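Topology and contacts: notes
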Amino acid sequence: MSPRKRLLLTWISALALLIMACGGIGFVVPPTPTLAPTWTALPLPSPTEPFDLAQDKPATVAPTSSPTETPTVPPSETPLPSFTPTLTAYLRGPDEVTIPILLYHHIGVSLQGETVYYVSPDAFDHQMNLLYQWGYRTISVELLAKAIREGAELPPKPVILTFDDGSETIYTTALLIMQKYGFTGTAYIIYNYMWIPSYMDADQIRALYAAGWEIGSHGLSHTDLPSHPGRQKSEIVESRRKLQALLDLPILSFSYPFGTYDRDSLYYVHYAGYIAAMGLGDETMQGQKNLFYLYRQPVKGTDGLLSFAALLPWQGDLEPALTLVP
């Protein structure tokens, strides 16, 4: 069967399953992803040479985003009590699993008026409340990878919340809001940014992990990988080694900067030992075909609750959540 026919059959099957799960009411059909690898990553290709290993000390890197106001006091080092949902878990997988993966950057207010990568604390709280009301429960990337590879028990409406770059607002704001609903997330850290003000340091990252979060790599310096083939090994492989050595934490997944990748990127993600990798895409069906380019949907600061709800495969009554909006 040709790749085109296989992709069409996969899309039709996923659509049918989602329609049945939603009862045919309030379901938003996600558009076709703009970047979706349809080939398998194995056998791995040979990497492009030469590659440039990173220096042992952090490089001086200028942040790509504007400073952020700190809206709350940093949380206590002792995690708040987490929720214990009583929802019945269901065996999902192996291979294809329906799960939305959402992408955030900063949970705060930009001093320069940036609205794309900054979601206000109030808007973020409303979004988390909506997820909780509709029965969504967060899971880890590690659990999703297990479900895709061999099957795993997942909540009825699983969701993964990811945060790229390592903004300090993840620790000062997102953590507190998400703990109210028993949610956890995955923070993708740029190694060299840990020494820049307004980004999380090692102690704050460890506090996230102690609160049940996952920590992943977003490279050494947020480099567009296909445009810098000589730096791919250091950005992908060395970033994992350095993060694990500094934090003394497991680094299991990688997030491609800017969502861009090529065959060498996939080679080094496998070579480094990551179990999965994050990309971009409008689909919520994850599987073997994209385990190393999982589809994520960015949440923008300009998104209202209606736009946010359109990112989700399972929808409920939006009216209770809308009453929370001032």
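Relevant structure appears above.
What counts, and at which threshold
- Residues numbered from 1 in each chain as written.
- Predicted model: local features only at pLDDT ≥ 70, side-chain atom pairs only at ≥ 80, totals over all residues.
- Heavy atoms only, no water.
- Axes fitted to C-alpha atoms, helices over the stretch in contact; angles between N-to-C directions.
- Helix = DSSP H or I, 4+ residues; strand = E, 2+ residues; numbered from the N terminus.
- Parallel < 35°, antiparallel > 145°, perpendicular 65-115°, else oblique.
- Left-handed = near helix turned anticlockwise from the far one by under 90°.
- Contact = heavy atoms within 4.5 Å.
- Nonpolar A, V, L, I, M, F, W, Y, C, P; charged D, E, K, R; others polar.
- Buried < 20%, exposed > 50% of the residue type's maximum accessible area, 1.4 Å probe, protein only.
- Pairing = 2+ DSSP bridges.
- Right-handed = clockwise from strand over helix to strand, strands pointing away.
- Core = buried A, V, L, I, M, F, W, Y, C linked by side-chain atoms within 4.5 Å.
- Phe/Tyr/Trp six-rings, centres within 6.5 Å; stacked < 30°, edge-to-face > 60°.
- Lys NZ or Arg CZ within 6 Å of the ring centre and 35° of its normal.

Describing the packing of helix α4 (residues 169-180) against helix α5 (residues 202-210)
Packing of α4 against α5 brings their axes to within 10 Å, and their N-to-C directions diverge by 25°. Taken together, α4 and α5 sit at an angle that is classed as roughly parallel. The chirality of how α4 crosses α5 is left-handed. Every residue of α5 that contacts α4 at Ile170, Tyr171 and Leu175 is listed here: Gln204, Ala207 and Leu208. Broken down by class, the residue content of the contact of α4 with α5 amounts to five nonpolar, one polar and no charged.

With respect to the pairing of strand β9 (residues 186-189)
The side chains of a regular strand alternate, first on one face of the sheet and then on the other. Burial along β9 is two-sided: Thr186 and Tyr188 and Ala187 and Ile189, pointing in opposite directions, are all buried. Judged from the four bridges that link them, strand β8 (residues 157-165) and β9 form a sheet pairing that is parallel. Following the sheet pairing, threonine 162 is matched in β9 by threonine 186. Of the crossover connections in this fold, the one passing from β8 over α4 to the parallel β9 is right-handed. Relative to strand β10 (residues 214-217), β9 runs parallel, the two being bridged by four bridges.

Let's talk about the environment of tyrosine 261
Structurally, the position occupied by tyrosine 261 is in the loop between β11 (253-255) and α7 (263-272). The exposure class assigned to tyrosine 261 is buried, which follows from its relative accessible area of 13%. The sequence separation of tyrosine 261 and leucine 225 amounts to 36 residues, and the corresponding C-alpha distance is 6.2 Å.

Here we look at the nonpolar core
Soluble, globular proteins show a tendency: their nonpolar side chains are buried together. In this structure, Tyr104, Phe124, Met128, Leu161, Phe163 and Tyr256 are the most contacted members of the largest nonpolar core, which totals 79 residues. The element contributing the most residues to this core is α4, with six residues. When neighbours within four sequence positions are excluded, phenylalanine 163 is seen to be in contact with Tyr104, Ile107, Phe124, Ile170, Ala174, Met178, Thr186, Ala187, Tyr188 and Trp213.

Looking at the environment of glutamine 127
Residue placement: glutamine 127 occurs in helix α2 (residues 121-133). Glutamine 127 sits in the buried class, given a relative accessible area of 1%. Taking C-alpha positions, glutamine 127 is 8.6 Å from alanine 309, a pair spaced 182 residues apart along the chain.

Observations regarding the packing of aromatic side chains
In this description, a pair of aromatic rings is defined by centroid distance and the angle of the planes. Scanning all chains against the criterion turns up 18 aromatic pairs. Seen in terms of ring centroids, tyrosine 267 and tyrosine 268 are 5.1 Å apart; in terms of plane orientation they differ by 85°. Their pairing is edge-to-face. Taken individually, tyrosine 267 and tyrosine 268 each receive the classification buried, so the pair is uniform in this respect. Centre to centre, the rings of tyrosine 267 and tyrosine 271 are 5.9 Å apart; their planes meet at 15°, and the pair counts as stacked. With a gap of four residues between them, tyrosine 267 and tyrosine 271 both fall in helix α7, about one helical turn apart. Taken together, Phe254, Tyr256, Tyr261, Tyr274 and Tyr293 form an aromatic cluster joined through their ring pairs. Directly above the aromatic system of tyrosine 274 lies the positively charged group of arginine 240, at a separation of 5.5 Å from the ring centroid.

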